[in-house]
Amino acid sequence: MTDHSRPDEFDLIKKYLSPLTQAAGGAALLSDDAAVLPTKDGHDLVVTMDTLISDVHFLGITPASLVASKSLRVNISDLASMGADPAYYTLSLSLPDDGEIKYDSDWLNNFSQALAIEQNLYDITLVGGDTVSTPGPLSITITAFGWVKKEQEIKRSGATAGDLVYVSGTIGDAWLGLSALRGSQIEFEPAYLDFITESYQRPQPRIDLGKRLSGVANSAIDISDGLAQDLGHICMASNVSATIKADDIPLSNSARKLVEVNTQLMESLISGGDDYEILFTVPTSLKKNITRLAQELEIPLTQIGHIEPSQNDHLVTILDNKGTKIELASSGYRHF
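Enquirer: Looking at this model, I keep getting lost on the pattern of salt bridges. Mind explaining?
Expert: Side chains that differ in sign of charge can pair as their charged atoms come close. By the definition in use, this model includes 10 salt bridges. One salt bridge in this structure joins E277 and R206, with 2.9 Å as the shortest N-O distance. Taken as a pair, E277 in the loop between α9 (265-271) and β8 (278-282) and R206 in the loop between α5 (190-201) and α6 (207-213) lie far apart in primary sequence, 71 residues in all. The same class applies to E277 as to R206, namely buried. Among the ionic contacts, a cluster of salt bridges with common partners joins R73, E118, E198 and R202.

What follows is the structure, given as structure tokens:
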């Protein structure tokens, strides 16, 4: 008979998490109170942390493998937006005692195997963390560490009036994916349905782009809370304002068809979040560099607006094709 019970804390660490540390000797297979990691000459260490909670950041029914993928990738995306190479991460895993979903040996096996795949894909290694029981819900906190060449990190606070605003990839597919998973009445083409659910559950960190933007972009952020809100974060940190054109925001072909049928969808795509594309600003003089970079990386990099001097009454202005200001009901996801 197969035992589907959850192992105790020490067996859990030994069986599922210790193997994920083998590439980092300083982690001591999680047998010490802390890891001792080597420094890297000529580089600074970039540190980020995100907490994902069941039925807040992913649906509770999401398979363990996809929970693992998203939890690690959203942190790697933060590193990418600052131009950093992923190196290490710590994991705090709070597992519910009871509930419809059994966080047992099978769940832990699928979760740890998926982390192993992600580690290999993004060249990152587990070096520590914590495991606890909780009344619920499932909570996963990851702290990720990455290397960036000394004084070459890209911050939110560097945008300057006159900069051009760019975004990678397409916007809104993840929001549509979440809508589909929640049983939206929107009719999606079968092939597109797979694409949008993948966009929501397994975002693609733009590591190569982030590294190439180092020394080129004045500011950058990854889009987690929604394009409008995250651009507002850049503006607030940089003490500037921004104007973008809704028609210039890049959409996938299927998303654009949906907007043509229902123009109200555009507001949701702008503010929906979970895109994990990189939003960045560059001086006008470097416009050709961005065009060349898009070709070399084979990633769409689309100019959607520009940065202006600070205006006290607003951070981000969004214009329609007639130049009329679009008022969003919500600029994006808010944690509180």
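Let's pick the thread back up.
Enquirer: What is the right way to read the sheet that holds strand β7 (residues 240-245) from this model?
Expert: Remark on secondary structure: sheet strands pair via backbone hydrogen bonds, oriented parallel or antiparallel. Taken together, the six strands give an open sheet; going across it, the order is β6-β8-β5-β9-β7-β10, and neighbouring strands pair in mixed fashion. At either end of the open sheet lies a strand with only one pairing partner, and these are β6 (219-222) and β10 (316-319). Each strand axis lies, on average, 25 degrees off the axis of its neighbour in the sheet, ignoring direction. Together, β6 and β8 form the strand contacts of helix α2 (residues 64-81), whose direction differs from that of β6 by roughly 170 degrees. In this fold helix α7 (residues 227-238) packs onto β5 (164-168), β6, β7, β8, β9 (301-309) and β10, with an angle of close to 150 degrees to the strand it touches most, β7.

Enquirer: Just checking my understanding: could you explain α7 for this structure?
Expert: Given 3.6 residues per helical turn, the α-helix brings residues three or four places apart onto the same face. The end-to-end C-alpha separation of α7 is 16 Å, in line with the 16 Å expected for 12 residues at 1.5 Å each. Here α7 lies mainly inside the structure; nine of its 12 residues are buried. The complete set of buried residues in α7 reads L227, A228, Q229, D230, L231, G232, I234, C235 and S238. Of the residues one or two after α7, N239 is the one with positive phi, at around 60 degrees.

Enquirer: Mind showing me how you'd approach helix α4 (residues 173-181) here?
Expert: For α4, the tally of buried residues reaches seven of nine residues, placing the bulk of the element in the interior. Every buried residue belonging to α4 is among D173, A174, L176, G177, L178, S179 and A180, and all of these are buried. Elements in contact with the buried residues of α4: α5, α8 (253-261) and α9. Just downstream of α4 lies G183, where phi reads positive at about 85 degrees.

Enquirer: Looking at this model, I keep getting lost on the environment of D123. Mind explaining?
Expert: Structurally, D123 can be placed in the loop between α3 (105-122) and β3 (125-134). Among the residues examined, D123 registers a relative accessible area of 61% and is labelled exposed. Those residues in contact with D123 that lie beyond four places of it in its chain are P86 and A87.

Enquirer: I tried to follow the sheet that holds strand β2 (residues 85-96) on my own but got confused; where do I start?
Expert: Spatially, the four strands line up as an open sheet ordered β1-β4-β2-β3, and their pairing is mixed. Edge strands, defined here as strands with exactly one partner in the open sheet, are β1 (43-53) and β3. Strand-to-strand twist in this sheet, taken as the mean axis angle between neighbours without regard to direction, amounts to 15 degrees. For β1 and strand β4 (residues 139-149), the ladder comprises 11 bridges, and the chain directions are antiparallel. Residue pairing in the sheet places V47 in a bridge with F145 of β4.

Enquirer: Can you help me understand the packing of aromatic side chains in this one?
Expert: One pair of aromatic rings is described through two measures. These are the centre distance and the angle between the planes. Inspection of every chain in the model, using the stated rule, returns five aromatic pairs. Centre to centre, the rings of Y103 and W107 are 4.9 Å apart; their planes meet at 80 degrees, and the pair counts as edge-to-face. With respect to burial, Y103 and W107 carry one shared label: buried. Here W107 and F111 contribute two aromatic rings whose centre-to-centre distance is 5.0 Å and whose plane-to-plane angle is 15 degrees, an arrangement assigned as stacked. Linking W107 with F111, this pair stays in helix α3, spanning four residues, or about one helical turn. With respect to burial, W107 and F111 carry one shared label: buried. Three or more aromatic residues joined by ring pairs make a cluster, and in this case those are Y103, W107 and F111. Positioned above the aromatic ring of Y200 is the side chain of K70, whose terminal nitrogen or guanidinium carbon lies 3.7 Å from the ring centre.

Procedures and definitions
Residues numbered from 1 in each chain as written. Predicted model: local features only at pLDDT ≥ 70, side-chain atom pairs only at ≥ 80, totals over all residues. Heavy atoms only, no water. Salt bridge = Lys/Arg side-chain N within 4 Å of Asp/Glu carboxyl O. Helix = DSSP H or I, 4+ residues; strand = E, 2+ residues; numbered from the N terminus. Buried < 20%, exposed > 50% of the residue type's maximum accessible area, 1.4 Å probe, protein only. Pairing = 2+ DSSP bridges. Axes fitted to C-alpha atoms, helices over the stretch in contact; angles between N-to-C directions. Contact = heavy atoms within 4.5 Å. Expected span 1.5 Å × (residues − 1). Phe/Tyr/Trp six-rings, centres within 6.5 Å; stacked < 30°, edge-to-face > 60°. Lys NZ or Arg CZ within 6 Å of the ring centre and 35° of its normal.

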